[in-house]
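Next come the chains, spelled out residue by residue.
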Amino acid sequence: AMAIEFSDYVAKVVAVEPLMPLIQEAKRSIRENKVDNVSLYLDTFPRLDSLKNSKFTKIYCGSVLQYMASLEEIKECLSRTFDLLEDSGKALFFHHYDAKKKKYYPDNYWWKEEMQWFSLEDVKKACKEIGFSSVESVKMSHSNALEIYSGVEVDCSFNFVLEK
C-alpha cells in the first residue's frame, strides 16, 4: 500500500516484502490502480539479495527492525541500508519500539516479549560505527498501539532519519 501512495511523487518505487501473500495483494492493488512505476521484490532484511547492485537516494523502512532476532541483526540491517544508499542519501525508519518505554506496556501485551526492543542511542552508536554522517530523531503522526490496547497515552515508538 505504501508503494502505491509514494508512486505519484517519485519516478520509481522499489518495494521489498518478505511475505508472498502481501506481495500478491500489492500486485493486485497495483493493477487495480493502474500504477506503472512500482517494482516488487520478495526478500528479507538484512539480506536484500534482490537489490544486490542497487543504489537509492531515499529509503523508507517501517516497522521492521523490531522483528530482527538481535541487536546485532539490527546493526546488519543498518549496515545494509548504508550500502544501498547513494552518497548523501537518506533513510527514514519509523515505528520502532523504544526500550526505555517498554515498562509502559502491560505484561500481558501480546507481543511484548517477542519484539526486539532498542533505543535511539543504540541506533546512533551503531550508525556512527557504520559511517552514517547523521542520525536524527523525527516525529511522525501515527496511531499508537499502546493507547489502543491499554489506554495509556505514551508514545512508545520512535522514528529516525539516517544520512550517508
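Rules used throughout
- Residues numbered from 1 in each chain as written.
- Predicted model: local features only at pLDDT ≥ 70, side-chain atom pairs only at ≥ 80, totals over all residues.
- Heavy atoms only, no water.
- Phe/Tyr/Trp six-rings, centres within 6.5 Å; stacked < 30°, edge-to-face > 60°.
- Helix = DSSP H or I, 4+ residues; strand = E, 2+ residues; numbered from the N terminus.
- Buried < 20%, exposed > 50% of the residue type's maximum accessible area, 1.4 Å probe, protein only.
- Expected span 1.5 Å × (residues − 1).
- Arc of directions from axis to C-beta.
- Contact = heavy atoms within 4.5 Å.

**Q** Can you tell me about the packing of aromatic side chains, naming the residues and giving the values?
**A** Remark: the centre distance and the inter-plane angle together describe each pair of aromatic rings, the angle taken between the planes. This structure, assessed with the given rule, holds three aromatic pairs. Centre to centre, the rings of F6 and Y60 are 4.7 Å apart; their planes meet at 80°, and the pair counts as edge-to-face. Linking F6 in helix α1 (residues 2-7) with Y60 in strand β3 (residues 56-62), this pair joins segments that are 54 residues apart in sequence. Owing to a relative accessible area of 32%, F6 belongs among the partly exposed residues under this scheme. The exposure class assigned to Y60 is partly exposed, which follows from its relative accessible area of 31%.

**Q** Mind laying out helix α2 (residues 20-32), listing which residues take part and the relevant values?
**A** Along its 13 residues, α2 runs 18 Å from first to last C-alpha, staying within 8% of the 18 Å computed at 1.5 Å per residue. For α2, every residue scored as buried is listed here: I23, A26, S29 and I30. Each buried residue of α2 sits inside an arc of 125° when the element is viewed along its axis, so together they form one side. Set apart from the buried face of α2 by more than 90 degrees, the exposed residues are P21, R31 and E32. Among the structural elements, α1, β1 (13-17) and β2 (38-42) are those in contact with the buried residues of α2.

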